[in-house]
Structure formats: C-alpha cells, structure tokens
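# Descriptive structure summary
The primary structure of each chain is shown beneath.
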Amino acid sequence: MSLIQRHGGMPGSELAKRTDLSAQTVSNILRKLESDGLVRRGEPQRGKVGKPSIPMEIVPDGALSFGLKIGRRSADLAIMNLAGEVLGQSIVTYRYPMPDLIFAYLKEGMEKLSDALSATQVSRICGIGIAAPSEIWSWVDALGAPEDFKIWRDIDFSEEVAKFSDLPLFIENDGTAACRAEYIFGRGREFHDYAYFFLGSFIGGGIVLDSKVIEGRQRNAGSLGSLPVPSALHQECALLHVASLYVLEAAVAKAGGDTNLMWAMPQDWSSFGISLDDWILASAKALAHAVRSVVSVIDFEAVMIDGAFPDDVRTRLVAQTRLEFERLDVRGITVPRIEQARVGGNARVIGAASSPILQQFF
C-alpha cells in the first residue's frame, strides 16, 4: 500500500519486482487487501505485448480518520480519507486554547462531521490524530494567557479523549505533522531530503532525510523555531520571535488593523499594508539565516516554506527569502533550493489526520 500511495497505481508484477516478493505472494496480499476494501482494480493498461496489465489502486474511502490541529489562536478539525481528501472540516478561534474548550470542540466536532458521512464511511473511521505544539504551556507571555494556562503541562491527551471516544489516538508535534502532510500530499515526492519551515502563530518545522520524515528521539526533530538569528537590534534571538504570525498580529493591532482577518476564511490580508510588508522583509532575513544554519549541518537538497497565510503571502515571502539568502556568505556549504511548499495552511490538520492512517495502513 505504501508503494501504491507513493508511486500511484501499479500492477502486481511491478509490486513483486519492487518488493522482491514472489508473484504468488503479492497476489495473495492484494487479494486480501481487495477483500478488505483497501485496494481496487484500475483500468487495464493496454498497448504492450501480451494481455493488458491491471494496476491496483488505493480505495479512497477504504479508511478515514479525524485530525485535530491545536494552534495558539485557532483549532481545526477535519475528517480525511486514504487519498488525503478532506471530507469535512471546522474551525474554532480563541484568544488562547484551554483544555476544556479544546476537548469539548473535538467531541462535538467529531459528532457533527460523522453525521455528514454515510454509515459505511463511519464504520471505516480508524482513529484520531492530534497535532499540537511542543510545550504549549511555555508561551504564556506571547499569548497573553493567564497563569492557569500552564495546566496543559499536566494534561494527558489519551485520558481526555478516552472520556468520549474509543478510537485509537495518535499525537504528533504540529511542525512534524505539517512536514508529513507536505511529504505525502505535497511536493515531497520531488526531493530526497529537505528542511521544512511552517509559519503559524509560532514558526515550527520538520526534516525529511532519505525520503523519510524524521521524528527524533523525543519526537521533536525539526524544532527550527529555536534557531538563533540576528534581530533588528543586531543581537541574537530565536527565529520564532521574528518569523512568526504572532509578531505580525501585534504589528497589525498596533496599526489599528483588524487582527481577526488573520484567521478568517478565506484569508485576505490585503488590508495589512505596511505591517505585512515589514513582517515579510524581517521574516525573510531571519529565514535566510536559519536556512544557512540548517544546511550547514545537513546538506539538504531543498528547503521548503509554508504557513497559515494566503498563497500570495507565501509567494512573496519565499521570493524575498531567496534574495536575502543570496546576500549571505555561503562559502563552504551546498546552496539548497528554497521552494514554496504546496499544501498550505491546512498542512497541520492534514498531517494530524494522516497519523492514524499511516501508522495502521502504510
């Protein structure tokens, strides 16, 4: 199933060749997967000598899963199938996330999304994935949250979800989840290895090596927001204090703009004017230094940038980052391609929903 997902539908003979299994063994496996409703026969491929080959394809609704992204300013819940198609989604915004609000939203949201599915689809739901920031409780000051926000330190996700669902639960860092979504459903097939930056309220990231998303021993690999970069005052600060959306939010508020527009869908940031221009310039400079740092450690083929912003903002940010990178001293390192990612603002929730599917079927 992993081969079919990664490379598209292919006949049993090709699967046997790639796995080094016998044709009979592959045939038996495919027959079982077909009876389980996970793969199906595609259109016969003609034009070659002999009888036409029949590619085996993944059945999109062979399995479904819920994905919850917990952000600093909003939470998203989606139901997704094996093909990465989002069949339903909702969003809730807040000043800061508290556990009671989040788990009530998850419970009610799962019920509403399930009501819109067929009975067969509901029976195919295989789990819940949650993508959350590491140590969310440590950002009290930046979020303007009260001290009791630190209750997150003592929250057991499995225990809370078990109060209303017996579905298997999978928890992942939000940056890694976004990276995984890009790897599976975005431009991940194009590169053997790359570093990935995702700009949410706080910037995070992920790492792909040898065509595998690296989670790390503590499941926190790719914590790129902590990279040191020069600040406007010619001092050192963490990347997240420059290239994060909370910085833009503060600038828009100071200029008298409507910060609610940052999280409203569809996104339109055209009214942010000079606040957005300044943020893109500062973020691009910081990102250029961060890119130089990561490729100094591993000679990544590419660095991809995405975030919870409109596509035109991503285009401008990547273009400016390339310009800023060209101004840096890069002697001794392999210059990577700095590229736009494709999945977009939904990457974290799609990555969350991918976890139950990947760990049980791929």
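Everything in this summary refers to the structure shown in the same document. (Residues numbered from 1 in each chain as written. Predicted model: local features only at pLDDT ≥ 70, side-chain atom pairs only at ≥ 80, totals over all residues. Heavy atoms only, no water.)

### Overview of the environment of Ala181
Operational definition: Helix and strand assignments follow DSSP, with helices taken as H or I runs no shorter than four residues and strands as E runs no shorter than two, numbered in order from the N terminus. Contacts are assigned to residue pairs with any non-hydrogen atoms lying within 4.5 Å of each other.
With respect to the secondary-structure elements, Ala181 resides in helix H8 (residues 174–185). In sequence terms Ala181 and Gly84 are 97 residues apart; their C-alpha atoms lie 8.8 Å from each other. If sequence neighbours within four positions are ignored, Ala181 has contacts with Gly186, Val343, Ala347, Ile350 and Gly351.

### Here we look at unusual backbone geometry
The residue after Met265, namely Pro266, is reached through a cis peptide bond having omega -5 degrees. Summarising the element assignment, Pro266 is placed in the loop between helix H9 (245–254) and helix H10 (273–297). Of note in the backbone geometry, Asp20 takes a positive phi value of approximately 60 degrees without being a glycine. Along the chain, Asp20 falls in the loop between helix H2 (12–19) and helix H3 (23–35). Despite not being glycine, Asp210 shows a phi value in the positive range, around 50 degrees. Considering the arrangement of structural elements, one finds Asp210 in the loop between strand S9 (203–209) and strand S10 (212–214).

### Overview of the sheet that holds strand S13 (residues 302–307)
What counts is decided by this rule: Here a strand pair is declared whenever DSSP counts at least two bridges between the two strands. Think of each axis as a best-fit line through the C-alpha atoms, taken over the contacting stretch in the case of a helix, with angles from 0 to 180 degrees between the N-to-C directions.
With mixed pairing, the 5 strands of this open sheet are ordered in space as S10-S9-S8-S13-S14. Of all strands in the sheet, those bounded by a partner on one side alone are S10 and strand S14 (337–340). Averaged over all neighbouring strand pairs, the angle between strand axes comes to 25 degrees, with direction disregarded. Docked against the sheet, H10 engages strand S8 (194–199), S9, S13 and S14, running at close to 155 degrees with respect to S8.

### Points about the packing of H8 against helix H12 (residues 347–361)
Basically, it comes down to this: An angle below 35 degrees is treated as roughly parallel, one above 145 as roughly antiparallel, one from 65 to 115 as roughly perpendicular, and anything else as oblique. The nonpolar class holds Ala, Val, Leu, Ile, Met, Phe, Trp, Tyr, Cys and Pro. Asp, Glu, Lys and Arg form the charged class, and all remaining residues, Gly among them, are polar.
Remark: H8 packs on H12, axes separated minimally by 7 Å, with the N-to-C direction vectors making an angle of 80 degrees. Regarding the angle of H8 to H12, the classification is roughly perpendicular. Contacts between H8 and H12 pair Asp174, Ala177, Ala178, Arg180, Ala181, Ile184 and Phe185 from the former with Ala347, Arg348, Ile350, Gly351, Ala352, Ser354 and Leu358 from the latter. Classifying every residue of the contact of H8 with H12 gives 9 nonpolar, 2 polar and 3 charged.

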